[in-house]
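Residue-level structure breakdown
Listed below, chain by chain, are the residues.
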Amino acid sequence: MENKPERSLLKNAAFQLTAGGSAGCVEVSIMHPLDLIKTRFQLQSSSLAPTDPNHYSGVRDCMVKMYRQEGLGSFWKGLPAPLMVETPKRAWKFFTFEQFQKVFLFGSDKPTALTYSLAGLGSGVTEAIIVNPFEVVKVKMQSNRAHQSETPSTWTVAREIVKEEGIGRNGLLGKGITGTMGRNGFFNMIYFGFYHTVKNWLPPASDYRLEFLRKVGIGLTAGTLGCCVNIPFDVAKSRIQGPQPVPGVVKYRGTARVIAMVYKEEGFLALYKGLVPKIMRLGPGGAIMLLVYENVHDYLVRKYPD
């Protein structure tokens with residue numbers, strides 16, 4: 001006879017994975033253009049003259065130049081890579097977050113703010129291992145300034161990376177992985193820690209419209225705070241995974257070393273390059289993900305009760 005608790009555990013895992021995957025697909029499809037703009041700013045060297053046609057003075061300037069020089073489709077450059085990985089990545093993100101909560105209860109009968117934060121950190125570090133190869137491909141595609149019609153396919157870029165840099169530590173699988181771990185780990189720590197702590201603290205509204213706004217507001221704030229904390233790791237990751245200043249010469253290698261190098265050569269604010277488009281993407285994106293996840297999960301629970 002089938003064990004009911006085990007069946008329930010498998011069903012809960014399936015619900016979490018399905019809801020998380022759905023949340024990832026919806027969020028990345030809507031917010032990808034802002035992720036691309038963020039990457040362009042992070043790859044832009046401070047030594048680039050403002051008169052250079054490849055220099056971006058702001059988000060609007062970047063969007064206008066990209067549209068004129070590369071076409072409308074350029075805003076979705078590199079989309080196939082994150083789209084292919086967002087389903088398993090977000091599924092893994094939410095599923096592991098739920099599992100890590102059980103590990104970090106520390107004897108408490110219910111999760112605390114520390115539980116949510118450490119569970120978020122654990123989920124971020126583990127999801128980075130899954131997403132890093134796709135990030136390597138995505139960053140290389142996003143750094144390509146050619147017109148969209150001349151841009152190579154995702155598979156072509158992946159094969160090129162393997163051919164030139166290999167698969168291991170400095171290749172497709174491992175290039176910039178510590179930066180990805182730092183970026184995802186600290187973001188999820190703030191994101192989940194803040195969202196669930198504040199959501200439990202603020203009483204739910206009886207009106208469904210006010211309840212929707214309550215969750216959107218908390219999710220938006222959680223995503224924004226996560227961006228402000230993790231962006232130095234994101235800048236380092238983009239520098240490591242993107243094209244080097246001098247072709248054939250590796251300047252950026254090692255997350256801590258790159259953060260120190262950028263700070264020394266370009267100043268403290270350079271570690272926050274791309275913060276505005278990042279917040280514009282992950283602030284509302286964070287709210288979208290949590291709302292989609294919770295609604296899909298609740299739907300599955302109602303549709304397939306025990």
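So, here is what we can say about the structure in this document. (Residues numbered from 1 in each chain as written. Predicted model: local features only at pLDDT ≥ 70, side-chain atom pairs only at ≥ 80, totals over all residues. Heavy atoms only, no water.)

Thoughts on the overall build of the protein chain
So the rule is basically this: For helices the rule is a DSSP run of H or I covering at least 4 residues; for strands it is a run of E covering at least 2, with both sets numbered from the N terminus onward. For every residue, the accessible area (1.4 Å probe, protein chains only) is compared with the maximum for its type, and the residue is labelled buried under 20%, exposed over 50%, or partly exposed between those bounds. In what follows, residue pairs with any heavy atoms lying within 4.5 Å of each other are defined as contacts. A 1.4 Å probe and the Shrake-Rupley method give the accessible areas. Residues count as covered only by the protein chains that appear here. Neither His nor the chain ends is counted toward charge; the positive residues are Lys and Arg and the negative residues Asp and Glu. Where a charge sits is defined by one atom per residue type, namely NZ (Lys), CZ (Arg), CG (Asp) or CD (Glu).
Helix and strand counts for the protein chain stand at 9 helices and 0 strands. The order of helices and strands in the protein chain, counted from the N terminus, is α-α-α-α-α-α-α-α-α. The principal-axis extents of the C-alpha atoms in the protein chain amount to approximately 65 × 45 × 40 Å. Classification of the 306 residues of the protein chain by burial places 48% in the buried group. For the protein chain, the proportion of contacts with a sequence separation of at least 24, taken over those separated by at least 6, is 76%. Approximately 15,000 Å² of the protein chain is accessible, and the part contributed by carbon and sulfur atoms is 66%. Side-chain charges of the protein chain comprise 37 positive and 24 negative groups, with the mean position of each set lying 3 Å from the other.

Quick word on the packing of aromatic side chains
Applied cut-off: Geometry of aromatic contacts follows a simple scheme: Phe, Tyr and Trp rings, the Trp one being its six-membered ring, pair when their centres are within 6.5 Å, and the pair is stacked under 30 degrees between planes, edge-to-face over 60, tilted otherwise.
Per the counting criterion, the structure on display carries 12 aromatic pairs. Connected via pairs of aromatic rings, a cluster forms that spans F94, F97, Y116, F187, Y191, F192 and Y293.

What to know about the nonpolar core
Selection rule: Nonpolar cores were defined as sets of buried Ala, Val, Leu, Ile, Met, Phe, Trp, Tyr and Cys residues, with membership established by side-chain atoms within 4.5 Å.
A23, F94, Y191, F192 and L290 are the most contacted members of the largest nonpolar core, which totals 22 residues. Of all elements in the fold, only α1 (4-43), α3 (80-103), α4 (113-142), α6 (177-201), α7 (208-241) and α9 (275-303) reach the threshold of two or more residues within this core. Considering every element that reaches this core, the biggest residue donor is α9, with 6 residues. The contacts of Y191, once residues within four sequence positions are left out, are K93, G219, A222, G223, G286, M289 and L290. Within the second largest apolar cluster, 10 residues are counted, among which are M31, Y56, C62 and M66.

Quick word on the packing of α6 against α7
Any two packed helices are characterised by the angle at which their axes cross and by the distance between the axes. Which entries qualify depends on this criterion: Interaxial angle, 0 to 180 degrees, is taken between N-to-C directions of lines fitted to C-alpha atoms, where a helix line uses only the stretch in contact. By the definition adopted for this analysis, an angle is roughly parallel if under 35 degrees, roughly antiparallel if over 145, roughly perpendicular if from 65 to 115, and oblique otherwise. Throughout, the ten residues Ala, Val, Leu, Ile, Met, Phe, Trp, Tyr, Cys and Pro are labelled nonpolar, Asp, Glu, Lys and Arg are labelled charged, and all others, Gly among them, are labelled polar.
The interhelical angle for the contact between α6 and α7, taken along N-to-C directions, is 170 degrees, at an axis separation of 8 Å. For the element pair α6 / α7, the angle class is roughly antiparallel. Residue composition of the contact of α6 with α7, by class: 13 nonpolar, 9 polar and 6 charged.

A closer look at the side chain of E211
By secondary structure assignment, the location of E211 is in helix α7. Look past the residues within four positions of E211 in its chain and what remains in contact with it is P204 and A205.

Let's talk about the pattern of salt bridges
This is how the line gets drawn: A carboxyl oxygen of Asp or Glu within 4 Å of a side-chain nitrogen of Lys or Arg is what we treat as a salt bridge.
Inspection of every chain in the model, using the stated rule, returns 22 salt bridges. The closest approach of N and O atoms between D234 and K278, which form a salt bridge, is 2.9 Å. Taken together, the positions of D234 in helix α7 and K278 in helix α9 put the pair 44 residues apart, joining distant regions of the chain. Summarising the burial analysis for this pair, D234 and K278 share the class buried. A salt bridge links E266 to R239; the nearest nitrogen and oxygen atoms lie 2.9 Å apart. Of this pair, E266 sits in helix α8 (residues 255-266) while R239 sits in helix α7; the two residues are 27 residues apart in sequence, bridging distant segments of the chain. Sharing partners across several salt bridges, the network here consists of D35, K38, E135, K138, R183, D234, K237 and K278.

A look at helix α2 (residues 59-70)
Applied cut-off: In this scheme, a helix's expected span is set at 1.5 Å multiplied by one less than its residue total. The reported arc concerns the directions from the helix axis to the C-beta atoms and nothing else.
Its 12 residues give α2 an end-to-end C-alpha distance of 16 Å, which sits within 8% of 16 Å, the value for a rise of 1.5 Å per residue. Buried within α2 are the following residues: V59, C62, K65, M66 and E70. Each buried residue of α2 sits inside an arc of 130 degrees when the element is viewed along its axis, so together they form one side. Of the exposed residues in α2, those oriented more than 90 degrees away from the buried face are R60, Y67 and R68. Where α2 terminates, the next one or two residues include G71, which has phi positive at roughly 95 degrees.

Observations regarding the packing of α7 against α9
This is how it is decided: Crossing chirality is assigned from the near helix's rotation relative to the far helix, an anticlockwise turn below a right angle marking it left-handed and a clockwise turn marking it right-handed.
At a closest axis distance of 7 Å, the pairing of α7 and α9 adopts a crossing angle of 135 degrees. As judged from the angle between their axes, α7 and α9 are oblique. Classified by chirality, the crossing of α9 by α7 is right-handed. The segment α7 lies against α9, with F212, K215, V216, G219, L220, G223, T224, C227, C228, N230, I231 and D234 engaging L275, K278, I279, L282, G283, P284, G286, A287, L290, L291 and E294. Per-class residue counts for the contact of α7 with α9 are 13 nonpolar, 6 polar and 4 charged.

Concerning the environment of H297
Its place among the elements puts H297 in helix α9. Note: C-alpha distance between H297 and N12 (285 residues apart in sequence) is 9.2 Å. In this structure H297 touches F15, Q16 and A19, once residues within four positions along its chain are discounted.

Remarks on unusual backbone geometry
Notably, F106 is not glycine yet its phi reads approximately 55 degrees, a positive angle. Overall, F106 belongs to the exposed group, its relative accessible area being 57%.

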